[in-house]
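Structural features, examined
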Amino acid sequence: MAVGTLRILAQVRGQSTIASAYSPAAGARARIFTILVANTSGSSIDFQICIDDDGTTYTAATAIAWNVPLNDGEIKTFDLGDRGIPLNEAAGNIAVMSATNDAHTFTIIGEEIQ
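Summary of the structure given here.

What counts as what
- Residues numbered from 1 in each chain as written.
- Predicted model: local features only at pLDDT ≥ 70, side-chain atom pairs only at ≥ 80, totals over all residues.
- Heavy atoms only, no water.
- Helix = DSSP H or I, 4+ residues; strand = E, 2+ residues; numbered from the N terminus.
- Buried < 20%, exposed > 50% of the residue type's maximum accessible area, 1.4 Å probe, protein only.
- Salt bridge = Lys/Arg side-chain N within 4 Å of Asp/Glu carboxyl O.
- Pairing = 2+ DSSP bridges.
- Axes fitted to C-alpha atoms, helices over the stretch in contact; angles between N-to-C directions.

Topic: unusual backbone geometry
In this structure, N67 takes a positive phi of about 55° despite not being glycine. Inspection of the secondary structure puts N67 in strand 5 (residues 63-70). For N67, a relative accessible area of 38% puts it in the partly exposed group. Positive phi outside glycine occurs at D102, with the angle close to 65°. Structurally, the position occupied by D102 is in the loop between strand 8 (93-98) and strand 9 (104-113).

Written as structure tokens, this is what we have:
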């Protein structure tokens, strides 16, 4: 069994339109273990995170966080368990959104396996 190396797969600033922050490389599978959200804005701002394993549907149907408020200086940790969440399709995406541009930094930690 191939084993990947745990690493930061993506780190992005959220924008006011939800968009992909991470998609597996062609021919790779990924497991996502942790998503960190840090508010650097100076005030409480909502955020969203969606995971679509085979496309770009970013709605409440694919959300793991939908319009969640986060106060300035706070960090929200999404621990996705010892087995993580698989993204086995190159078309899969983790998308993020901040209600105010650049208010949050999203860090996605996991592994890619070729």
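Brief notes about the pattern of salt bridges
Between side chains of opposite charge, pairing is possible as soon as their charged atoms come close. Counting across every chain of the model gives two salt bridges. The partner of R7 in a salt bridge is E112, and the shortest N-O contact between them spans 3.4 Å. In this pair, R7 is assigned in strand 1 (residues 7-13) and E112 in strand 9, connecting sequence segments 105 residues apart. E112 gets classed as buried once you look at its relative accessible area, which sits at 17%.

Remarks on the sheet that holds strand 5
Paired through their backbone hydrogen bonds, the strands of a sheet run either parallel or antiparallel. Spatial strand order, 2-8-4-5: four strands in an open sheet with antiparallel pairing. Sheet topology places strand 2 (19-22) and strand 5 at the edges, where each strand pairs with a single neighbour. Taking each pair of neighbouring strands and ignoring which way they run, the sheet shows an average axis angle of 25°. Examined bridge by bridge, strand 4 (residues 45-52) and strand 5 share five bridges and lie antiparallel to one another. Within strand 5, the residue paired with I49 across the bridge is A65.

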